[in-house]
Structures are given as C-alpha cells and as structure tokens.
Amino acid sequence: MSFHIEELHLEATYGLPSLSRRWNVVAACVAASVLLGMFAVLMKPVSYTASTQLLIYLREIQPGPDLIVSPGRADLTQVENEIEIIRARGTLSKVVQSLNLTQDREFVPAMTLLQRSVQWITGSLQASLDESRRMQEVAVDSLARHITVKRVGTSHTILVNVTTSDPKKSERIANGISQVMLQARVSAEQDGNRSPLQRERLQGLGPSAYVMTPALAPEKPNGPRNILIILGAVVAGLGIGSVLAVFLDFTDKTIRCSAQVEHFGVDCIGAIPVLDDKRAALAGRFHSGKPAGQKEFLPDALLNQTLLRAAVAIESARARIVGIASSIAGEGASTVASHLARMAACSRKKVLFVETGPGGTPRFFSVSGSPTTAGRVDMQELSAGAIGNLAPPAAYNGDQARNWTAYCAPEFLADYDLIVVNLPPLERGAEFRMATQNLDGVLLVVKWGSTHIEQIERAFTVSRAVPSDFIGAVLNMVDRRMIGQFGDKLWEAEAALVYRRRSFSRGKPIEAS
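Residues numbered from 1 in each chain as written. Predicted model: local features only at pLDDT ≥ 70, side-chain atom pairs only at ≥ 80, totals over all residues. Heavy atoms only, no water.

The secondary structure content of the chain amounts to 17 helices and 14 strands. Counting every position in the chain, which comprises 513 residues, the buried fraction comes to 43%. Contacts in the chain between residues far apart in sequence, at least 24 positions, make up 78% of those at least 6 positions apart. (Helix = DSSP H or I, 4+ residues; strand = E, 2+ residues; numbered from the N terminus. Buried < 20%, exposed > 50% of the residue type's maximum accessible area, 1.4 Å probe, protein only. Contact = heavy atoms within 4.5 Å.)

This is the structure in structure tokens:
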C-alpha cells in the first residue's frame, strides 16, 4: 500500500516563538546595528547652530511742515527681497571680509602640495593676487553652505541660521550678518552727490530691518544625543532581526516541532537532545566492527524521559519486535535503537539487538544489564551457531534486500523479551520493506532542524509505508536550548521511573514465515 501526502499544510508558530528559535539571528542583527551606531557616533561631525531674527518693516515720511518718520508695515515681497539680499554674494563677501573668514580653515581649506608648489615657482605678485581672490571666492561659497535664511511662518520676520563646528564662531557669524545688513543699507543711502537734507530724507524711506533676537552661542551640538543614536540602533537591530527570524521560519521547510511530525499521521512521542561526544562515541561503537563489550551507559534526563515514553508506547501496542528507522540515512536511528535496547536491559529484560547493514549480513547482539550495576550493560555479539542459522550466507545475494529473520531460528527469537531492530532508512524502499517483515511496529526517528518535509514525503512514498505501521516518532538531536520553545509542549516524566518500571512485558513468540 502506498502512502502519498497531498497538500500538506504545516502548523507553524511565528512571532515570539520565531524569536525564541532564531535568537542568534536577532542577537547578530542587534550587535551589528549597535556597532554601526557606535561607528556613526564616532564619525559624526560635531556642529553648532546659532540663530538671529530680523524684523522687516517699512519707514515712511509723514506729510507736513516737519520731517516725521514713522514705521509702516512691509509687504511679503519686500520680505522675500531682504532674504535674497542676505543670500547675495555681495553681502556674504562683506561678511567674509569683516570677519576675516579667509583665514579660517573651516571655510578655506589649506592649500594642497601642488597648489603650494605652483605658487612658490611663480612667486609673482599676480599669483599672490589670484590666490587672495581664490580664497575670497572659496570662503564666500563655503559661507553660503553654512547658512540658511528663511521666513518665519507668514510673519515679516526672517530667521538666519549659521552652522559651524564652534559655537562661538556660529554666534559671531550670525551677528556679523545682521550687522552687515544694517551697515550696508546705511552706506547705500549715504552714497551719491546728494545734499545733506536729501540724504536725511532718503534714510527714512524704504524697508528696514530690526534685530529682534541677537545670536547666542548654542550650548548643545546639533543632532540627536549619542545615547539616542545607540538606542535607535538597538531598536533597528531588533526590528530587522525579528523580520529576518520570521522570514527564515516562514521559508524553513525542516521538521522542528511535534505538530509537523503528526501531520504525517504518526504520533510524536518525545524529543532527544544532542548527546555529548562521550555518549555519541558509546553508541557509535555498534558500527566499528569490533565485538561489543562492557561499556558504561551514561543516562541523560531528557533522553531517559523520551525512552520511557517510547517504552510505554511499545507496551501499549503489545509490540515485542520493534524496528527503529529514519526517513533518510544519518538521522541517528542506530543511536536511538542502541539506547532503547540498553534501557530495556537495565530493567531486567532479556533484549536482543539486531543491526541490519545496507546489503550486508545482519549482526545480532545479546544485551543484558541491571540497575544495581550502576548502568553498566553487557552487549555480546552472537555467532551464527548461537542464533540457529537457517541458511548459509552464500545462499543470498548481497546486492539484494532480504529479511533479517532468515538468518536465525524462530525458537531463538522467542527466547527474548524484547527485540530491537535497527532498520534501513525508509528511502531504501526494498531493503526497508524486507527488513520490516514480522515486526510488531516501527519507531520513526526524525532529525530536528535537518530533515526536510519533502524528504519525508518521498521516503514514505518509496517505502510504501502507512501511518499504522508506526508506533510513534521521536525528534532526534534537538538543541537543548530549544526544548519547550516555540509553542511545543515537550514531554515531562520522572527520570527515576526509567530504572524502577518494568517497561516491557513478554509477548507471544514470533511465528515462522
């Protein structure tokens, strides 16, 4: 019977669970943002802005025998004209001359080596005059970039802002602009071949400016405070990291929770954490080709909890011959099988461990142990004579899949309380189907965060397995920090029950095929 999954919709938990799962991505984004914020703080130029306000009004001469000057109201066009006068190069040139800004390196940068060389080679008066004119033009252009002139709302007030690297300098230039504006108008009115009476009358005509607020040296630099920049970088890093974590979760097609496993119709029994090197080496000795001897069984609380739940599931299914298989190779099915056999042996059960190699002769290990021996387990490989071999190995083609029960007698298998078979992965369809004959059930091992959904679908299709063939599934190699995260309720049990409970009951003997 084939098993094909169509339109598999996975229940994924996003939002805060994604942040818990992808905490390293969020932390990396925050760290990078903080570093960028600190770099911006160190590289940010310090600037200060001083401001002065000028009121534009119209002075008029009242008719009558006496000369009476009264203030009038200026129109908006006159205000705009005054703004353009302040921005004019003539006005800025006078400010540069009055404040001697040509000697300020902020407005006139130092000459390059090439420019100095040209000036030294020529050494003429014309070169000196050209250099003075150049410095004047550069200072005027630079001053134009350092000031902003704008009208305040809909009023007749002009706001002049001057931004430099020094607060006193900003104050001095802002006040200098207002003084030049006033002096330029008075000088213009006094020029010409007019009589003193005419000049006096003309001085009272046209628009005039009044300094409402003289510029003061600013106390704080421009821009946000450094602490605000750092906090903004942290918030930006959290935002970017959160979006990236949710995106990675949305695009992640690997198995990471029990709900994803249960969508295949197989109950998820528990999770097995990543074992350390000593425990991994203990399980790896099954594949070394060396005879299995006495080795220390190091218990792990999370591992034992899952094994206890697996034992309960096996007992509930009345299974005595249990196969352990993964969907693809390299997911730790042999490690889970060896630990399950060892745990059962510690509960005073006679256990047989069968290892079915890919296309090779199966190996049989007798496993025995006791809780009183501090978890030490005896594992002894059995010879062909001990298992009651029914046919010589030459009778089988090593390139073909075969049933492991053909290598031993039924009465030999009936002598054991539990038989744990390390099966080929589901992706090896023919070998898996032959090895699962005469089994009471299969325990599926799924590697956490590694196995893709499409791989499991393809493995089910190739093996022609159905959900009823499986006792359950376990998530293997789960990151310990992820246990209990992202919405999954992973399983709780008393670790001490592993050593006290007689988990496996004796089933009926296997029937000959």
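In this section: the pairing of strand S9 (residues 351–355). Counting buried positions along S9 yields five of five residues, so the element is predominantly enclosed. As defined by bridge partners, S9 adjoins strand S10 (residues 363–369) across five bridges and the pair is classed as antiparallel. Along S10, the bridge assignment pairs Val-351 with Val-367. In terms of strand pairing, S9 meets strand S12 (residues 418–422) through five bridges, oriented parallel. Residue Leu-352 lies in a different strand from S12, and its bridge partner there is Ile-419. (Pairing = 2+ DSSP bridges.)

Here we take up the packing of helix H2 (residues 23–43) against helix H9 (residues 226–251). Here H2 crosses H9 at 150 degrees, and the two axes come no closer than 7 Å. Taken as axis vectors, H2 and H9 run roughly antiparallel relative to one another. When you trace H2 past H9, the crossing you get is right-handed. Within the contact of H2 with H9, the residues separate by chemical class into 17 nonpolar, six polar and no charged. (Axes fitted to C-alpha atoms, helices over the stretch in contact; angles between N-to-C directions. Parallel < 35°, antiparallel > 145°, perpendicular 65-115°, else oblique. Left-handed = near helix turned anticlockwise from the far one by under 90°. Nonpolar A, V, L, I, M, F, W, Y, C, P; charged D, E, K, R; others polar.)

Okay, the nonpolar core next. In terms of nonpolar packing, the biggest core is built from 40 residues, with Leu-352, Phe-364, Trp-404, Phe-412, Ile-419 and Leu-475 touching the most fellow members. Those residues in contact with Trp-404 that lie beyond four places of it in its chain are Ile-321, Val-354, Thr-356, Pro-362, Phe-364, Leu-413, Ile-419, Val-421, Ala-435 and Leu-439. Counting 33 residues, the second largest nonpolar core, distinct from the first, contains Ala-345, Cys-346, Leu-443 and Ile-471. (Core = buried A, V, L, I, M, F, W, Y, C linked by side-chain atoms within 4.5 Å.)

Between the first and last C-alpha of H9 there are 37 Å, a value that for 26 residues agrees with the 38 Å anticipated at 1.5 Å per step. Where H9 is concerned, the buried positions are Ala-233, Gly-237, Gly-241, Ala-245 and Asp-249. (Expected span 1.5 Å × (residues − 1).)

Let us look at the pattern of salt bridges. Per the stated rule, a full pass over the model turns up eight salt bridges. Close ionic contact of Glu-137 with Arg-89 constitutes a salt bridge, the shortest N to O distance being 2.4 Å. Placement of Glu-137 in helix H6 (residues 125–146) and of Arg-89 in helix H4 (residues 89–99) is noted, with a sequence separation of 48 residues between them. Residue Glu-137 is classed as partly exposed on the basis of its relative accessible area, which comes to 39%. By relative accessible area, which is 41% here, Arg-89 ends up partly exposed. Here the salt bridges share partners, and the residues they tie into one network are Arg-89, Glu-137 and Asp-141. (Salt bridge = Lys/Arg side-chain N within 4 Å of Asp/Glu carboxyl O.)

Turning to H4, a few remarks are in order. Among the residues making up H4, those that are buried are Thr-91, Leu-92, Ser-93, Val-95, Val-96 and Leu-99. Phi turns positive, to about 55 degrees, at Asn-100, one or two residues after H4.

The residue Arg-318 is not glycine, and still its phi comes out positive at about 55 degrees. A relative accessible area of 77% places Arg-318 in the exposed class.

Once that is clear, we can look at the confidence of the model for the chain. Overall, the predicted model of the chain reaches an average pLDDT of 75, with 68% of residues at or above 70. Below a pLDDT of 50 lies the segment residues 1–12, which in the model reaches 25 contacts outside its immediate sequence neighbourhood of four places, other chains included. Per-residue pLDDT stays below 50 along residues 197–202; that stretch engages in nine contacts with residues further than four places along the chain or on separate chains. (pLDDT = per-residue confidence, 0-100.)

Below, the discussion takes up the environment of Leu-275. Tracing the sequence through the fold places Leu-275 in the loop between strand S6 (268–273) and helix H11 (277–284). Leu-275 sits in the buried class, given a relative accessible area of 15%.

What follows covers the pairing of strand S3 (residues 147–151). When S3 meets strand S4 (residues 157–164), the two strands line up antiparallel, connected through five bridges. The partner of Thr-148 across the bridge, within S4, is Asn-161. The hairpin turn running from S3 into S4, its antiparallel successor, is five residues long, and Gly-153 in that turn takes a positive phi close to 60 degrees.

Applying the stated criterion across every chain yields a total of six aromatic pairs. Aromatic pair Phe-264 and Phe-460: ring centres 5.8 Å apart, planes at 5 degrees, arrangement stacked. Here Phe-460 lies in helix H16 (residues 453–463) and Phe-264 lies in the loop between helix H10 (258–262) and S6, a separation of 196 residues in the sequence. Each member of the pair Phe-264 and Phe-460 is classed as buried. (Phe/Tyr/Trp six-rings, centres within 6.5 Å; stacked < 30°, edge-to-face > 60°.)

Moving on to the environment of Asp-417. Note on placement: Asp-417 falls in the loop between helix H14 (410–413) and S12. Relative accessible area serves as the criterion here: at 13%, Asp-417 is assigned to the buried category. Sequence separation of Asp-417 and Val-351 is 66 residues, and the distance between their C-alpha atoms is 6.0 Å.

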